[in-house]
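Summary of the model geometry
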Amino acid sequence: MSFNRLTDLDVAGKRVFIRADLNVPQDDNGVITDDTRIRASVPGIRDALARGAAVMVTSHLGRPKEGEWTAADSMAPVAQRLSELLGQPVPLVRDWVDGGPWLDALKSGSVVLLENCRFNKGEKKDDEALARKMAKLGDVYVNDAFGTAHRAEATTHGIAKFAPAACAGPLMAAELDALGAALANPRRPLVAIVAGSKVSTKLTVLKELAKKVDVLIVGGGIANTFILAEHGKIGKSLAEADLVPEAQAILAAFPGRVPVPVDAVCAKEFSATATPTLKAIENVEADDMILDIGPQSIAFLKTVIAKAGTIVWNGPVGVFEFEAFAGGTRALADAIVESKAFTIAGGGDTVAAINKFGIADKISYISTAGGAFLEFLEGKTLPAVAMLETRARS
């Protein structure tokens, strides 16, 4: 992928429009409960400010109705947290699309936060008139929101088409560099771990990755569907029986490259206090629920991971939130850390598992994205990235 980077551009004395991903969770009182995305966006903002730019930042937050301002979806808490992190005032600007006094007052070294971009009519539909108006606000457009790169919206796609200059911020660039290293020209063997509750949500990912990887490890509810595909027993475990033919097709097309669990840690109920029982797959009873993989399956996967040159990890292999059923995911995490492979991990549950086991500093790259990460793995074109590539050629 070829695209311009913020670090390559001279922004001194210029107005820089940054599309960040500041969509952070809040409690019922509007208090931010996890500021990870805000902190991840700070380096790009700080770099532009340090080099003499006048900076404006926007993002979406929540799911507001376009054209209607609501306090619940206002960026006010984000402006306050961003100000704390940057160590300087970050005024919040409402009704910003047409510019005005706030833009005239924006000077080099100062920054404003533009109110929730989804308050603007036409944002989600990538309205051209809206995009053109926004493009006139700045001299340089920076997309630093990989998490929204799979959506063609006015602040992620349209504005990049019409802005005087368009580039990727450091967070976007790092995501694309890491994903490119993992999939475009990986060190072999390439091992992918795809786990989750449903095959249906990741079927395309499974099919695409199976073509590219040397080993495709499946886990969670996805693995249960593959166990059924091999005529194994899963009791009352989560699975999608209607997708068994799809799983069988993948197994047949890539023989020996999609290992299926041979043993499991089961329980009679889905509960943190449920009694764990180790069973071979053929001994799983009708009223059993598979909540983790067993030691034989773990031992085999550890040998696969130890030989890997590149590992892509998306999803835990068991119910790691319950300590009695966290063993498989913990063992997998330990094996990944001990390997010499380049490792990239993504997805909310994966990041939660990484944080629980305290191994964040031992993963080569942790993606902040959800849907965009999965669509990249699927081999789909991400509209925001495609536009940055187009602008780099123009």
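Structural notes, computed from the coordinates.

1. A word on the packing of aromatic side chains
By the definition in use, this model includes 3 aromatic pairs. An angle of 55 degrees between the planes, with centres 6.0 Å apart, marks the rings of F17 and W96 as tilted. Here the residue F17 occupies a position in strand β1 (residues 15–19), and W96 occupies one in the loop between β3 (92–93) and α3 (101–104), the gap between them amounting to 79 residues. Judged by relative accessible area, F17 falls into the buried class, the value being 1%. On the basis of relative accessibility, which here comes to 1%, the residue W96 falls in the buried class.

2. Here we look at the side chain of T156
Residue placement: T156 occurs in helix α5 (residues 154–162). Using a relative accessible area of 0% as the deciding quantity, one classes T156 as buried. Polar contacts involving the side chain of T156 include one to the main-chain amide nitrogen of E153, which spans 3.0 Å. Once residues within four sequence positions are removed from consideration, T156 is found in contact with R19, Y141, N143, T148, R151 and A384.

3. Regarding the sheet that holds strand β9 (residues 263–267)
Strand pairing in a sheet takes place through backbone hydrogen bonds and is either antiparallel or parallel in direction. One open sheet accounts for 3 strands, arranged β10-β9-β11; its pairing is antiparallel. In the strand order of this sheet, the two ends are held by β10 (277–280) and β11 (289–293), each with one partner. Each adjacent strand pair in this sheet contributes to an overall mean axis angle of 45 degrees, direction not counted. Bridge count between β9 and β10: 4 bridges; the pairing is antiparallel. Following the sheet pairing, V265 is matched in β10 by L278. Packing against the sheet, helix α10 (residues 295–306) makes contact with β9, β10 and β11, and its axis sits at approximately 35 degrees to β11.

4. A closer look at the state of the cysteines
This structure, assessed with the given rule, holds 0 disulfides. This cysteine, C117, is not joined by any disulfide, and C167 carries the nearest cysteine sulfur, 17 Å off.

5. Digging into unusual backbone geometry
Following R188, the chain continues to P189 via a peptide bond in cis, the omega torsion being -5 degrees. Within the chain, H231 stands out as a residue other than glycine whose phi angle is a positive 65 degrees. Its location among the elements puts H231 in the loop between α8 (220–229) and α9 (244–253).

6. Quick word on the pattern of salt bridges
Applying the stated rule across the entire model yields 22 salt bridges. The salt bridge partner of R118 is E153, with a shortest N-O separation of 3.4 Å. Taken together, the positions of R118 in the loop between β4 (111–114) and α4 (128–135) and E153 in the loop between β5 (140–143) and α5 put the pair 35 residues apart, joining distant regions of the chain. Each member of the pair, R118 as well as E153, is classed as buried. The residue K356 makes a salt bridge to E323 at a minimum N-O spacing of 3.3 Å. You can see K356 sitting in helix α12 (residues 348–357) and its partner E323 sitting in the loop between β12 (310–314) and α11 (327–338), a full 33 residues away along the chain. Look at K356 and you get partly exposed, because its relative accessible area is 37%. Three or more residues joined by partner-sharing salt bridges are found here, namely K268, K279, E285, D287 and D288.

7. Topic: the environment of L216
Position of L216 relative to the elements: it lies in strand β8 (residues 215–219). For L216 and K161, which are 55 residues apart along the polypeptide, the C-alpha to C-alpha distance reads 38 Å. Excluding anything up to four places from it in sequence, L216 contacts A192, V194, L206, L209, A210, R257, V258 and P259.

8. Description of helix α6 (residues 170–184)
Compared with an ideal rise of 1.5 Å per residue, which puts 15 residues at 21 Å, α6 spans 20 Å between its outermost C-alpha atoms and is within 8% of the ideal. Residues of α6 that are buried: L171, M172, A173, E175, L176, A178, L179, G180, A182 and L183.

9. Comments concerning helix α13 (residues 371–378)
Counting buried positions along α13 gives 6 out of 8 residues, so the element sits mostly inside the fold. When we look at burial in α13, the residues that qualify are A372, F373, L374, F376, L377 and E378. Turning to α13, the residues buried within the fold contact α6, α7 (203–212), β12 and β13 (342–345). Directly after α13, the chain includes G379, whose backbone phi takes a positive value near 90 degrees.

The rules behind these values
Residues numbered from 1 in each chain as written. Predicted model: local features only at pLDDT ≥ 70, side-chain atom pairs only at ≥ 80, totals over all residues. Heavy atoms only, no water. Phe/Tyr/Trp six-rings, centres within 6.5 Å; stacked < 30°, edge-to-face > 60°. Helix = DSSP H or I, 4+ residues; strand = E, 2+ residues; numbered from the N terminus. Buried < 20%, exposed > 50% of the residue type's maximum accessible area, 1.4 Å probe, protein only. Polar contact = N/O pair within 3.5 Å; in protein donor to acceptor, adjacent residues only side chain to side chain. Contact = heavy atoms within 4.5 Å. Pairing = 2+ DSSP bridges. Axes fitted to C-alpha atoms, helices over the stretch in contact; angles between N-to-C directions. Disulfide = S-S within 2.5 Å. Salt bridge = Lys/Arg side-chain N within 4 Å of Asp/Glu carboxyl O. Expected span 1.5 Å × (residues − 1).

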